[in-house]
Amino acid sequence: MNVVRTAWATSAPYFDISARQPSGSPAMQRSTSAISSGFPATPRVYPSAPPAAEFGPGGIRRSLCYPATVREIPLLSSRLLVGRDVLHAVGSAVRAAAPKAVRAVVLTDENCLRYARGVARGLRAEGLATVVESLPPGESRKTLATAAKLYDRLARARTDRLTPLVCVGGGVITDLGGFVAATFMRGIPAFLVPTTLLGQVDAAIGGKTGVNLVHGKNLVGTFTQPGAVFIDPAVLRTLPAREYVAGLGEVVKYGMIRDAELFGFLETEIDAIRRRDPEVLEEIVFRCAKIKAQVVGADERESGERAILNYGHTIGHALEAAGQYRKLHHGEAVSVGMEAEAFIGMEMGLAPIEVLAAQNRLLRLCGLPTRVGRLPRARIAAALKLDKKNESGRPRFVLPEAVGKVRYGVEVSDDLVAAALRTVILGPKS
Ligand SMILES: NC(=O)c1ccc[n+]([C@@H]2O[C@H](COP(=O)([O-])OP(=O)(O)OC[C@H]3O[C@@H](n4cnc5c(N)ncnc54)[C@H](O)[C@@H]3O)[C@@H](O)[C@H]2O)c1
Ligand SMILES: [Zn+2]
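For clarity, every value in this text was computed on a predicted model and none was experimentally measured. (Residues numbered from 1 in each chain as written. Chains lettered and ligands numbered in written order. Predicted model: local features only at pLDDT ≥ 70, side-chain atom pairs only at ≥ 80, totals over all residues.)

1. A look at the overall build of the chain
Turning to step 1, where the next piece is worked out: Counting secondary structure elements, the chain contains 15 helices and 11 strands.
Turning to step 2, where the next piece is worked out: By the burial criterion, 51% of the 430 residues in the chain qualify as buried.
Turning to step 3, where the next piece is worked out: Put simply, of all contacts in the chain between residues at least 6 apart along the chain, 74% involve residues at least 24 apart. (Helix = DSSP H or I, 4+ residues; strand = E, 2+ residues; numbered from the N terminus. Buried ≥ 20, exposed ≤ 12 C-beta atoms within 10 Å, placed from the backbone. Contact = placed C-beta atoms within 7 Å.)

Laid out in structure tokens, this is it:
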């Protein structure tokens, strides 16, 4: 597959050129040193001057600047920048997008501080007075209470409407930071730097921001596209193994819903995936990000086709909730959910058994679960009823027809859902 080029990007779609950087290339070595030491002290110099500035709301310039090894995916008013060097370009790109800003705020969690500090250095090198706000890690921080604390800190840091909030972290930080940016002073510019695999292929893409309530996850939020999303797969090297493998659940999902070629690539490159080969990861996150951008671009507010992104999630969410969000990571729940939903698709005659078998094999090769230990049936049933994507109290399913092709909005009988749950839940059939 191909790699890139673009200097001052315009609204053109991503560009492919055929020269891929070999793993031992200077670019690759730079990425490696960026991981161990934070960031290079000297900011990189980028070619050419910007075209006539296009200004968006709040005087934000839309055109961004980034290295030639970065691929760009346009998404509504935003853009995704994917490449192993892109973290080095955050400072200059934010500066180009917000030429009148005086200061910047970086939001992160304690596990991502090294990347946040590097990003802050890049912003300071562009003349932006930058503070770093770091939270303890974890979903428990994704609340209105944390948002309120952050509003307070933004006010104290003399944030004005031009001040960019750069969110460096997993889905918790990009959801929370995106929400704070969308609401503080009725909206300040947000830039996202996802550092988990789930964040790079999913959470940071599409403009959904939000926080949790005690009543449920993501119950308060907005649809707000960030200024840009910087996706650098090199940061995945430090991700804990369970988080990494869980993210692969979403990756397999993209293969199943839209991209049989990606599915085949995952099968062929499974060893490289296991050892987190940066070149292979870059290709994977690019393909997944592109699919999500295409789907969201066609249906921003989830009124139609965006539903396909929920493959594996109807049952997956119910399993996650039944385990009180402690038993299964989200990607693991999606993996088991895909197994159950592929079973339903097969039983309904939509897909042959070979589809279920191929998916099961790939999930297991990735190290993902396709079965889960005992879970209370009543809680699963309650969670299925509460599913936000319900239409008139009955969950609608996304079901596979082939590898790379799904059907959405399918109603399934309670008996068949129960049979699917029996196949994936181990232990006594209570
Ligand atoms: N907005 C959306 O469309 C969307 C989509 C899917 C999920 N989400 C949300 O995303 C959240 C889950 O995101 P997540 O799985 O990224 O979890 P997370 O943000 O909690 O990150 C997982 C853990 O990995 C650590 N970490 C992150 N990057 C690291 C790195 N490079 N090296 C070392 N450690 C690192 C974090 O500190 C954390 O402990 C949930 O709140 C979910 O609701 C949102
Ligand atoms: Zn998901």
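2. Observations regarding the site of ligand 1
Turning to step 1, where the next piece is worked out: Within the structure, ligand 1 sits among 26 residues, and Asn 111, Pro 137, Gly 170, Gly 171 and Thr 196 are positioned closest to it.
Turning to step 2, where the next piece is worked out: Counting only elements with at least two residues in the shell around ligand 1, the list comes to helix H5 (171-183), helix H6 (197-203) and strand S8 (216-223).
Turning to step 3, where the next piece is worked out: Classifying every residue of the shell around ligand 1 gives eight nonpolar, 10 polar and eight charged. (Near = placed C-beta within 6 Å. Nonpolar A, V, L, I, M, F, W, Y, C, P; charged D, E, K, R; others polar.)

3. Points about the nonpolar core
Turning to step 1, where the next piece is worked out: Membership of the largest hydrophobic core comes to 128 residues, with the highest contact counts inside it found for Val 119, Val 166 and Ala 289.
Turning to step 2, where the next piece is worked out: It is helix H10 (residues 278-298) that provides the largest number of residues to this core, a total of 11 residues.
Turning to step 3, where the next piece is worked out: Domain assignment of the residues forming this core places at least three in each of domain 1 (26-238) and domain 2 (240-430).
Turning to step 4, where the next piece is worked out: The residues contacting Ala 289, other than those within four sequence positions of it, are Ile 73, Leu 80, Val 82, Gln 200, Val 201, Ile 205 and Ile 231. (Core = buried A, V, L, I, M, F, W, Y, C linked by C-beta atoms within 7 Å. Domains from an automatic or database assignment.)

4. A closer look at helix H2 (residues 90-97)
Turning to step 1, where the next piece is worked out: Within H2, eight of the eight residues are buried, which leaves it mostly tucked inside the rest of the structure.
Turning to step 2, where the next piece is worked out: Three or more residues of H2 are buried, namely Val 90, Gly 91, Ser 92, Ala 93, Val 94, Arg 95, Ala 96 and Ala 97.

5. Describing the environment of Glu 320
Turning to step 1, where the next piece is worked out: Following the sequence through the fold, Glu 320 ends up in helix H11 (residues 313-322).
Turning to step 2, where the next piece is worked out: Overall, Glu 320 belongs to the buried group, with 25 C-beta atoms counted inside 10 Å.
Turning to step 3, where the next piece is worked out: Separated by 11 residues in the primary sequence, Glu 320 and Gly 331 have C-alpha atoms spaced 9.6 Å apart.
Turning to step 4, where the next piece is worked out: Once residues lying within four places of it in the same chain are set aside, the contact partners of Glu 320 are Tyr 325, Leu 328, His 330 and Ala 333.

6. Regarding the pairing of strand S5 (residues 165-169)
Turning to step 1, where the next piece is worked out: With five of five residues buried, S5 is to be regarded as a mostly interior element.
Turning to step 2, where the next piece is worked out: Neither face of S5 is exposed, since Leu 165, Cys 167 and Gly 169 on one face and Val 166 and Val 168 on the opposite face are all buried.
Turning to step 3, where the next piece is worked out: As defined by bridge partners, strand S3 (residues 103-109) adjoins S5 across four bridges and the pair is classed as parallel. Considered in S5, the bridge of Val 105 is made with Leu 165. (Pairing = 2+ DSSP bridges.)

7. Concerning the sheet that holds strand S2 (residues 78-82)
Turning to step 1, where the next piece is worked out: If you walk across this open sheet you meet the seven strands as S1-S2-S9-S6-S5-S3-S4, and the pairing is mixed. The two strands at the open ends of the sheet, each matched to only one other strand, are strand S1 (71-75) and strand S4 (129-135). Direction aside, the axes of adjacent strands within the sheet are offset by 15° on average.
Turning to step 2, where the next piece is worked out: Where S1 lies against S2, five bridges are found, and the strand directions are antiparallel. (Axes fitted to C-alpha atoms, helices over the stretch in contact; angles between N-to-C directions.)

8. Remarks on the confidence of the model for the chain
Turning to step 1, where the next piece is worked out: Confidence in the prediction of the chain, expressed as mean pLDDT, is 85, and 82% of residues score 70 or more.
Turning to step 2, where the next piece is worked out: Contacts for the low-pLDDT stretch residues 1-65, under 50 throughout, to residues beyond four places or in other chains number 122 contacts. (pLDDT = per-residue confidence, 0-100.)

9. Here we look at the pairing of S2
Turning to step 1, where the next piece is worked out: Counted residue by residue, S2 has five buried out of five residues, so it is predominantly covered.
Turning to step 2, where the next piece is worked out: Between S1 and S2, which pair antiparallel one after the other, the connecting turn spans two residues, and Leu 76 there sits at a positive phi close to 50°.
Turning to step 3, where the next piece is worked out: Bridge analysis of S2 against strand S9 (residues 228-231) gives three bridges, and the strand direction is parallel. Within S9, the residue paired with Leu 80 across the bridge is Val 229.

10. As for unusual backbone geometry
Turning to step 1, where the next piece is worked out: Phi is positive for Met 185, which is not a glycine, with a value near 50°.
Turning to step 2, where the next piece is worked out: By the element assignment, Met 185 lies in the loop between H5 and strand S6 (190-194).
Turning to step 3, where the next piece is worked out: When the 15 C-beta atoms within 10 Å are taken as the criterion, Met 185 is described as partly exposed.
Turning to step 4, where the next piece is worked out: The phi dihedral of Arg 186 is positive, around 60°, even though this residue is not glycine.
Turning to step 5, where the next piece is worked out: Inspection of the secondary structure puts Arg 186 in the loop between H5 and S6.
Turning to step 6, where the next piece is worked out: With 8 C-beta atoms packed within 10 Å, Arg 186 lands in the exposed category.

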